[in-house]
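Here's the letter readout for the chains.
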Amino acid sequence: MEQTTHHLGKASQRVEDSALLTGGGRFLDDLPLPVGTLYAAVVRSPIAHGKILSIDVSPALKIKGVRGVLTIEDVQAWSNPLGVAVKSPMRPWVLASEFVRYVGEPIAIVIAESRALAEDGVESIVLNVRPLPAVVDVDEALKSDAVILHQDIANNCVSDRSFSYGDPDGAFQAAAKVVEVDIRYPRNSCTPLETGGVVAQWRPADGSYEVTSNFMGPFSLHVVMAAALKVPGTKLRHHVPPDSGGSFGVKQSVLPYVILCCLASRKVCAPVKFIEDRLEHLQAATSATSRHTHLRAAVDANGKILALDYDQIEDCGAYLRAPEPATLYRMHGCVTGPYQISNLKIRNRVVLINKTPTGLVRGFGGPQVYFALERLIHKIAKQLGKTHQEIASLNYVQKDQFPYRAAAGALLDSGDYQKALDTLQASPEFKRLLSRREQARKEGRMYGIGIASIVEPSVSNMGYITTVLTPEQRAKAGPKNGAITSATVSVDPSGNISANIASAPAGQGHQTVIGQLLADVFGASPSQIQVNVDFDTAKDAWSIAAGNYSSRFAGAVAGTVFLAAEKLKVRIAAYAAHVLKVKPNQLIFANGHISVIGRENDAIPFARICGNFHWSPGLVQEALGKDVLLALQETQFWSADVLQAPDENDRINTSAAYGFALDACGIEINPVSCSPKIDGYISVHDAGKILNPALADGQVYGAFAQAVGAALLEEFVYSSDGNFLSGTFADYRLPTASDVVAPKIYHQESPSPFTPLGSKGIGEGNSMSTPVCIANAISDALNIEDIVLPATPSRIHALLVSKGDLPKDNVAHTTSSLESNSDYPLKAQGEVKLNVAPEEIFNVLLNRARLQKVIPGCESITESAIPDGIRFDCIAVVRIGVAKAKFNAVVNLTNIKRPASFSLGGEGRGPLGMALGIGEVVLRSEAGMTVLKYDYQAQVSGKLAAIGSRLLEGAIRLVLDQLFRALAKEAGAKPKGLLTYIQNFFRSLFGARK
């Protein structure tokens, strides 16, 4: 059987784009809602660690339109705790029980007739939480005197496993050199255009739940959700919308909201809808794990790596939420990357701290592993006086060694890493980088080149997570392995073709590629093909491994569609061969017809042959026999044969296929601003058979842009007490078009022998390779090894100052008169000129009645004496950025040296959080006026903290400026008239008349 190929492998235009670009997309928020749907809002913890003393929900229930409040009592009555991947007594409920353990942790759910009413209910609920000390660093959490998050565990390390492969100790003893790096990969995440959302309905008639969510992988955690809801899997029906506004892994965090919305629906006996707002997504959805890695290499005199020794400490947040510790173990089998290293030691510790639980973020596990490994390669090259490329080339797995079994078990399927390196070094773009660096260094400019080599795993082995268990624990639980994928292909009576895929895409173009593939198999036009991606677990074929994660599509999903289509084609060809009186292998499927080789004009329309299966099954049976399958529908399940469960020695082939990426970039550091600029970027990819080059490039562009953010801009920042400080895009900075250059992409193809089409994943490679490539370039530019991500200008400035390459004052900054205090991370400094004498300012400050008129929003005030000063207690309504709330506030005036200076202390508590501040104020007379200079430091918690330091510091300066100007006005200062301002304006333009 032959057919001509016209579509697969070509850069076909995406069929999805027309609807998306004209507003025709069908996202979760676009779908029609069940009659009577109510809306949910979440009551969240304002602090990182505390004991819940009481929750008064009665004020919320008094609000007209609020229909109910879901509490921990309901959750514990109707559900189970979420499952945990390690053997542990930890019982993580979907609402906080007894203790809160991170800022933003759900405490209760308000259900109302509108989202606005639900949020009003949230604001009215009275929480009484006793603050407890927080631990926000994994190394601190491991200390014997550390704050313990879960008393039933007794320590913060929930898993500690050590592995040894080969003879690493012997290799280290024989090494000519031992090179080591100590690396910390930061918390960051993804910011999809569409945040997480759920619509859930409890059906009391049969005790089932029906859910629609934009969770990109409901299948893999369907068992977890059903177990938590105390129902069989058949009683949890899960729909996936046709379109998703991005995921990048983070929509795995919708998991607890699915359960919460199901229980909320049960509480109020009505459908319930919840969609995250942006603050909730940043604060409480999920993040990539932060990892502290100490990595050592045993190296011979030439740079050959004899052994690696990993010590990895994983920050998984306050709870180990399924599927974690997936991030730590996904890369376990391939932690040696693209290198031949037969001796390996690994110690993995999973640690809990008072931060948001972690989860799947694009490339999960890869950025953390390769940031350590490729920084190590960089350091080995530097110590031996060689280039990064020379050390990489010396240690690469060679072409004739594939399939290559890595020390920890990964079976690297195919590749030619040396060819990729030759492509890079011969490229004009790389030669330009070398020339640019040479010229820059002659001119004394800071310019560096970074290199990174990675293997990109795709089609994850579902058994890899069980490597966290001991062999004995695995034997007791039973082996787990594989990556079952399902697909259904059908042909209708008119010859039109459809496919159902268990993938839940998030914008990658899956419909386009499947259309190309089926068009080639059946010789049809892509316009005849319909690819359905809206999924229903009650009706469509799926397995626990299905979903859109770990770059499964090209290797597994498309391949399974191909297998189903080929089976269906054999059935059709058998009947067509009978009609045309030839053998099936003499047929050609092309241009909507089935013809015979050498007799292309003697053809039958594809639609006619297929129509007979539907309209005239008797003719088909007469031709092929009574036992012939008449259905023109084929459902195929596939799993790679090379995916086995972990063996008794903890070796595991963690994925079915392994692509390769080799990156190089040039970075120049601005000597004044200390900002790094990407001068050029090259990425060589081998993802096996490329199905659509344009979509492959799109995946590279997307992963690269995301990784630029991780390398230079994005980081979740927490204060020492666990407050979240990155709740807006003012502080959680995303890359813009000006930050992201277009990388030059080179492709090579080494088809995988283990996937049906020879394809591998390509959607995550640059999220793994780019952060460390950029770090290596910055290290090369600065000649400094200790590079911390994100490499912000302030961090680069600090490195250059510590090295002595820059004076401390090479960039504009203001020296604080206060000693820097990490507990007060917000700074506000300024100077105000007031048209009144200093003594009059003090007359207002020390008079309670006059001060009340000055404090913004002050409704009442009382006065009392304190050591060295006066205390004022007041109630005030304060607006900071988008937040407005009533606060119980304290203002302390101490160290009063009238009329020259005083200390100003403040504290405010309210429903949006708590604020504390300390500062110094100095006044001096100048030309009949008062120059008031202030230096203030503050800390905030709760929603206020999440607003972010940039907005908060600006707001603090504004509030202080208003306060001091109000002081002057109350003290009798006369504002200048309009005429005076106009005169001064024209004087500034034309100069004063003589």
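Note that the structure is predicted; figures quoted are calculated from it, not measured.

*Asks:* Describe the overall build of the protein, and please don't skip the residues or the numbers.
*Replies:* A count of helical and extended segments in the protein gives 27 helices and 37 strands. Each principal axis of the C-alpha atoms in the protein carries an extent, and together these give about 110 × 75 × 70 Å. Burial analysis of the protein (994 residues in total) assigns 57% to the buried set. Sequence separation of at least 24 residues holds for 76% of the intrachain contacts in the protein that already meet a minimum separation of 6. When the 97 positive and 96 negative side-chain charges of the protein are each reduced to one mean point, those points stand 4 Å apart.

*Asks:* Provide a residue-level description of the nonpolar core, including the pertinent values.
*Replies:* Counting 119 residues, the largest nonpolar core has Leu308, Ile774, Ile778 and Leu782 as the members making the most contacts within it. Excluding residues that lie within four positions of it along the chain, Ile774 makes contacts with Cys665, Ile667, Ile678, Tyr681, Val708, Ala711 and Leu712. Core analysis: the next-biggest nonpolar cluster, separate from the first, contains 48 residues, Ile497, Val533, Leu587 and Leu632 among them.

*Asks:* Residues and numbers for the confidence of the model for the protein, please.
*Replies:* Averaged over every residue, the pLDDT of the protein is 91; the share at 70 or more is 93%. In the model, residues 811–820 has pLDDT below 50 throughout and makes 19 contacts with residues more than four positions away in sequence or in other chains. Per-residue pLDDT stays below 50 along residues 977–994; that stretch engages in 4 contacts with residues further than four places along the chain or on separate chains.

*Asks:* Outline the sheet that holds strand β14 (residues 290–299), listing residues and values.
*Replies:* Spatially, the 5 strands line up as an open sheet ordered β8-β16-β15-β14-β9, and their pairing is mixed. Pairing within the sheet leaves two strands with one partner each, and these edge strands are β8 (157–165) and β9 (177–185). For this sheet, the mean angle separating the axes of adjacent strands, direction not counted, is 5°. By the bridge criterion, 9 bridges tie β9 to β14 in an arrangement that is antiparallel. Bridge assignment links Val178 to a residue of β14, and that residue is Ala298. Running over the sheet, helix α11 (residues 366–384) touches β9, β14 and β15 (305–315) and is turned about 145° from β9.

*Asks:* Kindly report on the packing of aromatic side chains, identifying the contributing residues and their values.
*Replies:* Tallied over the entire structure, the rule returns 21 aromatic pairs. Judged by centre distance (5.7 Å) and plane angle (85°), the rings of Phe842 and Phe902 are edge-to-face. With a gap of 60 residues between them, Phe842 in helix α23 (residues 838–845) and Phe902 in strand β35 (residues 901–910) connect regions that are remote in the sequence. With respect to burial, Phe842 and Phe902 carry one shared label: buried. Three or more aromatic residues joined by ring pairs form one cluster here, namely Tyr339, Tyr396, Phe402, Tyr417 and Phe660. Across the ring face of Phe172, the terminal group of Arg296 is positioned such that the distance to the ring centre comes to 4.2 Å.

*Asks:* Which residues make up the packing of helix α17 (residues 553–580) against helix α19 (residues 617–624), and what values go with them?
*Replies:* It is the contact of α17 with α19, at a shortest axis distance of 10 Å, that shows an interaxial angle of 80°. Taken together, the axes of α17 and α19 are roughly perpendicular relative to one another. Counting all contacts with α17, which are made through Ala574, Tyr575 and His578, the residues of α19 involved are Leu619, Val620, Ala623 and Leu624. Taken together, the residues of the contact of α17 with α19 sort by class into 6 nonpolar, 1 polar and no charged.

*Asks:* Could you give an account of helix α20 (residues 693–712), naming the residues involved and the relevant values?
*Replies:* With 20 residues, α20 should cover 28 Å at 1.5 Å per step; its first-to-last C-alpha distance of 28 Å lies within 8% of that length. Its side-chain oxygen placed 3.0 Å from the backbone nitrogen of Ala694, Asn692 serves as the N-cap of α20.

*Asks:* Let's hear about the pairing of strand β11 (residues 208–213): which residues, and what values?
*Replies:* Of all 6 residues that make up β11, 6 are buried, and the element is covered over most of its length. Side chains Ser208, Glu210 and Thr212 of β11 all project onto a buried face; the interleaved residues Tyr209, Val211 and Ser213 project onto the opposite face, where all are buried too. Of the strand pairs in this sheet, strand β10 (residues 197–203) and β11 are connected by 6 bridges, and their pairing is antiparallel. Counted as the bridge partner of Ala200 is Val211 from β11. Here β10 hands over to β11 after 4 residues, with Gly207 in that stretch at a positive phi of 65°. Two strands pair when backbone bridges link them, and β11 and strand β12 (residues 236–240) are joined in this way by 4 bridges, in the parallel orientation. Its bridge partner being in β12, Glu210 is matched across the sheet by Arg237. Remark: the β11/helix α7 (residues 222–228)/β12 crossover connection has right-handed handedness.

*Asks:* Talk me through the sheet that holds strand β19 (residues 446–460); I want residue IDs and the actual numbers.
*Replies:* Taken in spatial order, the 4 strands of this open sheet run β19-β28-β29-β30, and their pairing is mixed. Of all strands in the sheet, those with a lone pairing partner are β19 and β30 (744–748), marking the two edges. Strand-to-strand twist of the sheet, defined as the mean angle between neighbouring strand axes without regard to direction, takes the value 15°. Of the strands in this sheet, β19, β28 (655–669) and β29 (676–686) are in contact with helix α21 (residues 765–782), which crosses β19 at around 160°.

*Asks:* I'd like a rundown of unusual backbone geometry, residues and numbers included.
*Replies:* Cis geometry is found at the peptide bond from Ala322 to Pro323, where omega equals 10°. Of note, Ser550 is a non-glycine position whose phi angle comes to about 55°, a positive value. Inspection of the secondary structure puts Ser550 in the loop between β23 (535–536) and α17. Notably, Asn591 is not glycine yet its phi reads approximately 55°, a positive angle. The topology assignment puts Asn591 in the loop between β24 (587–590) and β25 (593–596). The class of Asn591 is exposed, set by a relative accessible area of 65%.

*Asks:* I'd love a proper account of the environment of Ala781, names of residues and values included.
*Replies:* If you trace the backbone, Ala781 turns up in helix α21. Look at Ala781 and you get buried, because its relative accessible area is 12%. Taking the C-alpha atoms as reference points, Ala781 and Thr755, separated by 26 residues in sequence, lie 42 Å from one another. When sequence neighbours within four positions are dropped, the list of residues in contact with Ala781 reads Arg441, Met446, Tyr447, Gly448, Ile667 and Ile669.

*Asks:* Just give me the short version of the pairing of β30, but keep the residues and values in it.
*Replies:* Of the strand pairs in this sheet, β29 and β30 are connected by 5 bridges, and their pairing is parallel. Residue pairing for β30: Ile682 is matched across the bridge by Lys744. The β-α-β motif built from β29, the intervening α20 and the parallel element β30 has right-handed crossover chirality.

*Asks:* Please set out the pattern of salt bridges residue by residue, giving values where relevant.
*Replies:* Overall, the coordinates contain 43 salt bridges when judged by the stated rule. Two residues, Arg375 and Glu785, come together in a salt bridge whose shortest N-O distance is 3.3 Å. Of this pair, Arg375 sits in helix α11 while Glu785 sits in the loop between α21 and α22 (793–803), and the two are 410 residues apart along the sequence. In this structure, Asp780 engages Arg437 in a salt bridge whose closest nitrogen and oxygen atoms are separated by 2.8 Å. In this pair, Asp780 sits in helix α21 while Arg437 sits in helix α14 (residues 428–442), placing the two residues 343 residues apart along the sequence.

*Asks:* Can you explain the environment of Gly104? Please cite residues and give values.
*Replies:* Mapped onto the secondary structure, Gly104 falls in the loop between β5 (99–100) and β6 (106–112). Along the chain, Gly104 and Lys143 lie 39 residues apart, while their C-alpha atoms are 26 Å from each other. Leave out the neighbours within four places in its chain, and Gly104 touches Arg44, Ser45, Gln283 and Ala284.

*Asks:* Explain the environment of Glu105 to me, and be specific about the residues and the numbers.
*Replies:* In this structure, Glu105 sits in the loop between β5 and β6. Put simply, Glu105 and Val43 are 62 residues apart on the chain and 8.3 Å apart in space, counted from C-alpha to C-alpha. When near neighbours in sequence (up to four residues on either side) are disregarded, Glu105 contacts Val43, Arg44, Ser45, Ala96, Phe99, Val100 and Tyr319. At a separation of 2.6 Å, a polar atom in the side chain of Glu105 contacts the side chain of Tyr319.

Thresholds applied
Residues numbered from 1 in each chain as written. Predicted model: local features only at pLDDT ≥ 70, side-chain atom pairs only at ≥ 80, totals over all residues. Heavy atoms only, no water. Helix = DSSP H or I, 4+ residues; strand = E, 2+ residues; numbered from the N terminus. Buried < 20%, exposed > 50% of the residue type's maximum accessible area, 1.4 Å probe, protein only. Contact = heavy atoms within 4.5 Å. Lys, Arg positive; Asp, Glu negative; His and termini not counted. Charge placed at Lys NZ, Arg CZ, Asp CG, Glu CD. Core = buried A, V, L, I, M, F, W, Y, C linked by side-chain atoms within 4.5 Å. pLDDT = per-residue confidence, 0-100. Pairing = 2+ DSSP bridges. Axes fitted to C-alpha atoms, helices over the stretch in contact; angles between N-to-C directions. Phe/Tyr/Trp six-rings, centres within 6.5 Å; stacked < 30°, edge-to-face > 60°. Lys NZ or Arg CZ within 6 Å of the ring centre and 35° of its normal. Parallel < 35°, antiparallel > 145°, perpendicular 65-115°, else oblique. Nonpolar A, V, L, I, M, F, W, Y, C, P; charged D, E, K, R; others polar. Expected span 1.5 Å × (residues − 1). Polar contact = N/O pair within 3.5 Å; in protein donor to acceptor, adjacent residues only side chain to side chain. Right-handed = clockwise from strand over helix to strand, strands pointing away. Salt bridge = Lys/Arg side-chain N within 4 Å of Asp/Glu carboxyl O.

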